[in-house]
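Chain and residue survey
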Amino acid sequence: MPSLLSTPWIHWLFWGIVNDSVQLLNGLAEMSGLIFRHMQDKTVSVFETTIRVLGGLLSAHLIASDYATGMKIQSYDDQLLHLSVDLAQRMLPAFDTPTGIPFGSVNLLHGVDEDESKITSTAGGGTLTLEFGVLSRLTGNPVFEQVTKNAVRGIWARRSKLNLVGAHINVFTGEWTQKDAGIGTSIDSFYEYLLKAYLLFGDEEYLYIFQEAYKAAMKYLHHDPWYVEVNMNSGTTVWPLFNSLQAFWPGLQVLAGDIDPAIRTHHAFFSVWKRYGFTPEGFNLATSNIQNGQRSYPLRPELMESTYWLFKATRDPRYLDAGRDMVASLQYGARCPCGYCHIEDVESHKQDDHMESFFLAETVKYLWLLFDLAIGPDNIVENGPYKYIFSTEGHLLPATPEIALVNEHCSYFGAFCKGEGGQIYGTKGTLLGHQEANDTRSDSKWVLSGQHVNLKDSFATSGFIKGQCLGLTHGQKFGIAYSDEEDSAYEHESKIQAQGHSVIVIPSAATRQSVDSGENKLIDTKEPSESPITITNRTENKVDNVSEQNSTDS
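What you see is a predicted model, and the numbers here were worked out from it, not measured in a lab.

Turning our attention to the overall build of the protein chain. Within the protein chain one finds 21 helices and 21 strands. Here the protein chain holds 554 residues, and the buried ones make up 56% of them. Put simply, 72% of the contacts in the protein chain that link residues at least 6 apart link residues at least 24 apart. If you sum the accessible surface of the protein chain, you get close to 23,100 Å²; carbon and sulfur atoms cover 52% of it.

Below, the discussion takes up the side chain of His-342. Along the chain, His-342 turns up in strand S16 (residues 342-345). On the basis of relative accessible area, His-342 is assigned to the buried category, the value being 7%. Setting aside its immediate chain neighbours within four residues, His-342 contacts Tyr-297, Pro-298, Leu-299, Lys-350, Gln-351, Asp-352, His-354, Met-355 and Glu-356.

This part covers the pattern of salt bridges. Under the definition given, this model contains 19 salt bridges. With a shortest N-O distance of 3.9 Å, Arg-52 and Glu-393 are connected by a salt bridge. You can see Arg-52 sitting in helix H3 (residues 46-64) and its partner Glu-393 sitting in the loop between strand S18 (388-390) and strand S19 (396-398), a full 341 residues away along the chain. Glu-393 sits in the buried class, given a relative accessible area of 1%.

In the numbering adopted here, UniProt assigns the feature "active site" (unreviewed entry) to Glu-48, Asp-188, Glu-281 and Glu-302. With respect to the helices and strands, the residue Glu-48 is situated in helix H3. Tracing the backbone shows Glu-281 in the loop between helix H11 (259-276) and strand S12 (282-284).

Following both chains from N to C, one finds H11 and helix H13 (residues 318-334) inclined at 25°, their axes separated by 12 Å at the closest point. The orientation of H11 relative to H13 falls into the category roughly parallel. The element H11 and its partner H13 pack so that their crossing is left-handed. Residues Ile-263, His-266, Phe-270 and Trp-273 of H11 touch H13, and the partners they reach there are Tyr-319, Ala-322, Asp-325, Met-326 and Ser-329.

The UniProt record annotates "binding site: Ca(2+)" (unreviewed entry) at Thr-392. If you trace the backbone, Thr-392 turns up in the loop between S18 and S19. At 2.9 Å, the side chain of Thr-392 forms a polar contact with the side chain of Glu-192.

Another point: the state of the cysteines. One pass over the full model with this rule turns up one disulfide. Between the sulfur atoms of Cys-336 and its disulfide partner Cys-341 the distance amounts to 2.3 Å. Residues Cys-336 and Cys-341 share a disulfide whose torsion about the S-S bond is about 105°; that sign makes it right-handed. The exposure class of Cys-341 is buried, given its relative accessible area of 5%. Between Cys-338, a free cysteine, and Cys-336, which holds the nearest cysteine sulfur, the sulfur-to-sulfur gap is 7.1 Å.

Here we take up the sheet that holds strand S4 (residues 168-170). Across the sheet, which stays open at both edges, the three strands sit in the order S3-S4-S5 with antiparallel pairing between neighbours. Whereas interior strands pair on both sides, the edge strands pair on one side only; in this sheet they are strand S3 (119-121) and strand S5 (176-178). Averaged over all pairs of adjacent strands, the angle between strand axes in this sheet comes to 35°, irrespective of strand direction. With two bridges joining them, S4 and S5 adopt antiparallel strand pairing. Along S5, the bridge assignment pairs Ile-169 with Trp-176.

Read across the open sheet, the three strands follow the order S11-S12-S13; overall the sheet is antiparallel. Looking along the sheet, the strands with just one partner apiece sit at the ends: strand S11 (241-243) and strand S13 (289-290). Of the strand pairs in this sheet, S12 and S13 are connected by two bridges, and their pairing is antiparallel. In the sheet register, Phe-283 faces S13, and the bridge partner there is Ile-290.

Turning to helix H9 (residues 204-220), a few remarks are in order. The terminal C-alpha atoms of H9, which comprises 17 residues, lie 24 Å apart, in line with the 24 Å expected from a rise of 1.5 Å per residue. Counting buried positions along H9 yields 13 of 17 residues, so the element is predominantly enclosed. The residue sitting at the N-terminus of H9 and contributing the capping side-chain oxygen is Asp-203; that oxygen lies 3.0 Å from the backbone nitrogen of Glu-205.

Below, the discussion takes up the environment of Ser-160. Within the secondary structure, Ser-160 is located in the loop between helix H7 (143-156) and S4. Judged by its relative accessible area of 3%, Ser-160 is buried. Distance from Ser-160 to Ala-181, taken between C-alpha atoms, is 10.0 Å for residues 21 residues apart in sequence.

With that settled, consider the packing of aromatic side chains. Tallying each qualifying case throughout the model produces 23 aromatic pairs. Relative to Trp-249, the ring of Phe-248 lies with its centre 5.8 Å away and its plane at 85°, an arrangement referred to as edge-to-face. What makes Phe-248 buried here is its relative accessible area of 2%. When the centroid spacing of 6.4 Å and the interplanar angle of 70° are considered together, the rings of Tyr-386 and Tyr-388 count as edge-to-face. As far as the burial class goes, Tyr-386 and Tyr-388 line up, both buried. In textbook terms, an aromatic cluster arises when at least three aromatic residues are bridged by ring pairs, as seen for Phe-190, Tyr-191, Phe-210, Tyr-214, Tyr-227, Phe-248 and Trp-249. A cation over an aromatic ring shows up here: Lys-149 above the ring of Tyr-206, its NZ or CZ 5.6 Å from the ring centre. Lying over the aromatic face of Phe-311, Arg-315 brings its terminal NZ or CZ to 5.8 Å of the ring centre.

This brings us to the side chain of Thr-120. Mapped onto the fold, Thr-120 is located in strand S3. Non-local contacts of Thr-120, meaning those with residues more than four positions away in its chain, are made with Ile-101, Pro-102, Phe-103, Gly-104, Gly-125, Ala-167, His-168, Ile-169 and Val-171.

Rules behind the numbers
- Residues numbered from 1 in each chain as written.
- Predicted model: local features only at pLDDT ≥ 70, side-chain atom pairs only at ≥ 80, totals over all residues.
- Heavy atoms only, no water.
- Helix = DSSP H or I, 4+ residues; strand = E, 2+ residues; numbered from the N terminus.
- Buried < 20%, exposed > 50% of the residue type's maximum accessible area, 1.4 Å probe, protein only.
- Contact = heavy atoms within 4.5 Å.
- Areas by Shrake-Rupley, 256 points an atom, 1.4 Å probe, with all protein chains shown as cover.
- Salt bridge = Lys/Arg side-chain N within 4 Å of Asp/Glu carboxyl O.
- UniProt positions renumbered as here; feature names shortened; annotations may be inferred.
- Axes fitted to C-alpha atoms, helices over the stretch in contact; angles between N-to-C directions.
- Parallel < 35°, antiparallel > 145°, perpendicular 65-115°, else oblique.
- Left-handed = near helix turned anticlockwise from the far one by under 90°.
- Polar contact = N/O pair within 3.5 Å; in protein donor to acceptor, adjacent residues only side chain to side chain.
- Disulfide = S-S within 2.5 Å.
- Pairing = 2+ DSSP bridges.
- Expected span 1.5 Å × (residues − 1).
- Phe/Tyr/Trp six-rings, centres within 6.5 Å; stacked < 30°, edge-to-face > 60°.
- Lys NZ or Arg CZ within 6 Å of the ring centre and 35° of its normal.

See below:
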């Protein structure tokens, strides 16, 4: 292990970057401002710009401005925060839709293009809450948090009777245009941000939605230890496919406290890595072969992320062994003259001259955290002044009182109250239209730059006011529960529909989930080559257009 930690590339990627970044931050704001000025008339992905650019700016600002971490830069004067506000304001027009779910793309100068597609992914519309929410907490402007919460509500309100969501939706009509439900491509980080928004902000509405969504996923998508794609309405299996974006799921389960299935699923996913040296974008569980058209590995971080979280939860050295195998594959299979290259084919290990930003933001970051934790919890993440939440792009978001306890501290201490007389960052003068029926925010206008508002009047409490609506369930409070009669009728209908379809022959998940509570033992998972899953028909190949979003990108 010491020889691995002393590997030059590990030191160069982390200690060099971390040490130099403190000095570089002084010039970063000026450079970023210059880039923004030249990119204003550009159409960008709302999702990718949020998780990569906005999240990076906010995380760097929080580190550079915090005395408690010992990394405060004396000459820093909130330049990155100003850039974050400017960027987020330019993306706000994307949220002006009847459903509240944002367009997938927006022009940073002109707003949404006239010919912009009205179809967006579930992850694209539901993975914005952390970055926009943090920005609201830092600036006192509730609009950023409100629009992203409305987007989540817009998606969840259109879930199926099984509490499943599809992959793509029309942001104007709310109609699902792709009804395949899963935990991978186009959906993955929707689940992730539900739980993390609760952990960071303490908003119990996010927790309630996550609990309902998670139960549905484990009931309909989980075929221990794998996960499949099903029709969101009937629960019928559509494709027995492991795609590389699913590999974030065990890490999310660790955060949710569901360790045993996380251990088994990670073991299965890692068996694919061991077979090829990398994980292909798609692996067909029915044929035990790489899915047609999905042979590449674009340096994705999800398996490393889950490996880190499982080691943190169990301290089992097998995860250090897994991390060592991953480092070896990257070093000897992906290394190229100017960095690390995509793997075009995981069988031939042919390289593609391309490296995504998430390789540095996540892939090697999680590997470093894994091995550093093995030495001892002496870094800022493990032993800093706050608990940290990782964004889906691996950016550190600290649970400071200003961010995590904004309402409580405003009520009791006043230290972080940005109410009367406080400076509120502004937005373009646009009305928040198309309110959902279960929207608890006020019907106020978006605040113009330079205006002062009373935060208490413009910002509803996080989730709900504790003690309100005594005796009601969470679903009744939020208006997002189905009646028992509807559920019973639909359950009967689903059973009838399921009888008319062929299904994957997999042992019942319920019979395999129990693990001796006193031990952390892996259930042996067969190698993929041993055909762990069979399917009775529909053996034709499926070629997915795997999105460039990593999400845990989607």
